[in-house]
Amino acid sequence: MTAARPVRTGVLGAASIAWRRVLPAMAECPDIELVAVTSRDAERAGRFADRFGCAAVSGYEALLDRDDIDAVYVPLPAALHHEWAARALRAGKHVLVEKPMATTAREARELVTLAERAGLVLRENFMFLHHPRHDAAAKLLSSGRIGELRALHAAFCIPPLPGEDIRYAPELGGGALLDAGVYPLRTAIRFLGGGLRVTGATLRTRAADGLDLSGQVLLASDAGVLVSLDFGFEHSYGARYSLWGSRARISTEQAFSPSAQYRPVLLLEEQDHTEQFVLPAAAQDLRCVADFAAAVRGGGASAGPEEARWRADAVTTLELVDQVRERAVRVHTDG
């Protein structure tokens, strides 16, 4: 493809997140051309195609076989991410895959290897990481406003889901850890980088099948920063993080899925002074897909250290997930 042409994109799966957030952003992005969508439900694929002005294709393989598609977006259940991202990469397509990239670190490493060998872009659809509020928080941190960072807390919790929701299906990669827990984990990586290790974890699990419904995780960084994370499907809504230093603390609410109109606030609290930084609104969905398109148009996997960072962080996230699974104390519930 040429740098001047929009990235011709196909969609493997007609998921809710695609309908609500990602495909509207792709339709708005001038650097992306939606070409086709496929689903196991032909009627559902037809509705997507009608709304977004693209073709409805019968069968995932048929979409991957098309020569008018440069990249694919994979919004399938988590348990299918590895299989279909791998097939897309082997078919020579760049891949934007819903978070998390896979269900284990081993699977993530396999995808990274495939992408690197093929010279293709492989990104997770972690939209919140593209919001400039987190750069503003990092700038305050690096400026020394809060002193030495001592602790990080992050939480992403939502109310119970409808009983038929796929996130309650273990065989599809369901559970709160993979769906909600990866957000606070990725927040810790965003501010602390690598070198994190799990020092403790607790999971509330469904007695019938062991599905995790909520949990808490403790981490420590190589620099000695302590991290506490909360996540789950059993709470009132909360999406926040705080960076607590030797002199002050930075905190923010609505941290992971704000609307494009929402103006985020960074609250800085010192012992005798409180300051609010009201930041501009930003469409993180659009920024995410535009960044993916820019990576594809800019030379794919050969683009350099930025692509390497995205891949390394995806693997690190799932390494921490694996550690949580291995070390967690499980408390069974009838929920």
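Just above, that's the structure.
If you're wondering where the values come from, they're calculated on a predicted model, not measured in any experiment.

Student: Explain the sheet that holds strand E3 (residues 55-57) here, please?
Tutor: Pairing between the strands of a sheet is mediated by backbone hydrogen bonds and can be parallel or antiparallel. The strand order across the open sheet formed by 6 strands is E3-E2-E1-E4-E5-E6, and the pairing between neighbours is parallel. Edge positions in the open sheet fall to E3 and strand E6 (122-125), since each of these has one partner strand only. Between one strand axis and the next, the sheet turns by 25° as a mean value, whatever way the strands run. Each of strand E1 (7-12), strand E2 (32-38), strand E4 (71-74), strand E5 (94-98) and E6 is contacted by helix H1 (residues 16-28), which is oriented at about 155° to E4, the strand it contacts most.

Student: Can you walk me through the sheet that holds strand E14 (residues 273-278) in this structure?
Tutor: The strand order across the open sheet formed by 9 strands is E14-E13-E12-E11-E7-E10-E9-E8-E15, and the pairing between neighbours is mixed. Taken across any chain shown, the strands that pair with only one partner, and hence form the sheet edges, are E14 and strand E15 (329-333). Going across the sheet, the axis of each strand differs from the next one's by a mean of 10°, ignoring polarity. Sheet topology places strand E8 (residues 197-206) next to strand E9 (residues 212-220); 8 bridges connect them, and they run antiparallel. For Arg 204, the partnering residue across the bridge sits in E9 and is Ser 214.

Student: How do you make sense of the packing of aromatic side chains when you look at a structure like this?
Tutor: Evaluated as defined, the whole model comprises 14 aromatic pairs. Where Trp 19 meets Phe 52, the ring centres are 5.9 Å apart and the plane angle is 80°; that geometry is what we call edge-to-face. Taken as a pair, Trp 19 in helix H1 and Phe 52 in helix H2 (residues 42-52) lie far apart in primary sequence, 33 residues in all. Pairing Phe 128 with Tyr 183 gives two aromatic rings, centres 5.7 Å apart and planes at 40°, and the pair type is tilted. In this pair, Phe 128 is assigned in the loop between E6 and helix H6 (133-142) and Tyr 183 in helix H7 (residues 176-192), connecting sequence segments 55 residues apart. Of the two residues examined, Phe 128 and Tyr 183, each falls in the buried class. One aromatic cluster is present, formed by Phe 126, Phe 128, Phe 156, Tyr 183, Tyr 237 and Phe 256 through successive ring pairs. A cation over an aromatic ring shows up here: Arg 51 above the ring of Trp 19, its NZ or CZ 4.4 Å from the ring centre. Lying over the aromatic face of Trp 310, Arg 309 brings its terminal NZ or CZ to 5.1 Å of the ring centre.

Thresholds, definitions, all that
- All residue numbers refer to positions counted from 1 along the written sequence of the respective chain.
- Residues qualify for local features only when their pLDDT is at least 70, as the model is predicted, and side-chain atom pairs are given and counted only at 80 or more; totals for whole chains, interfaces and linings, by contrast, use all residues.
- Only hydrogens and water are set aside when side-chain values are computed; all heavy atoms of the structure are taken into account.
- Following DSSP output, two strands are said to pair if at least two bridges run between them.
- Counting from the N terminus, the helices are the DSSP runs of H or I reaching at least four residues and the strands are the DSSP runs of E reaching at least two.
- Axes here refer to lines fitted to C-alpha atoms; in helices the fit is confined to the stretch in contact. Angles between the N-to-C directions go from 0 to 180 degrees.
- Any two residues whose heavy atoms approach within 4.5 Å are treated as being in contact.
- Only centres within 6.5 Å qualify two rings of Phe, Tyr or Trp (six-membered ring in Trp) as a pair; their planes then separate them into stacked at under 30 degrees, edge-to-face at over 60, and tilted for everything else.
- Any residue under 20% of the maximum accessible area for its type is buried, any over 50% is exposed, and the rest in between are partly exposed; the area is computed with a 1.4 Å probe on protein chains only.
- Charges are assigned to positions over rings by a cutoff of 6 Å between ring centre and Lys NZ or Arg CZ, combined with an angular limit of 35 degrees from the ring normal.

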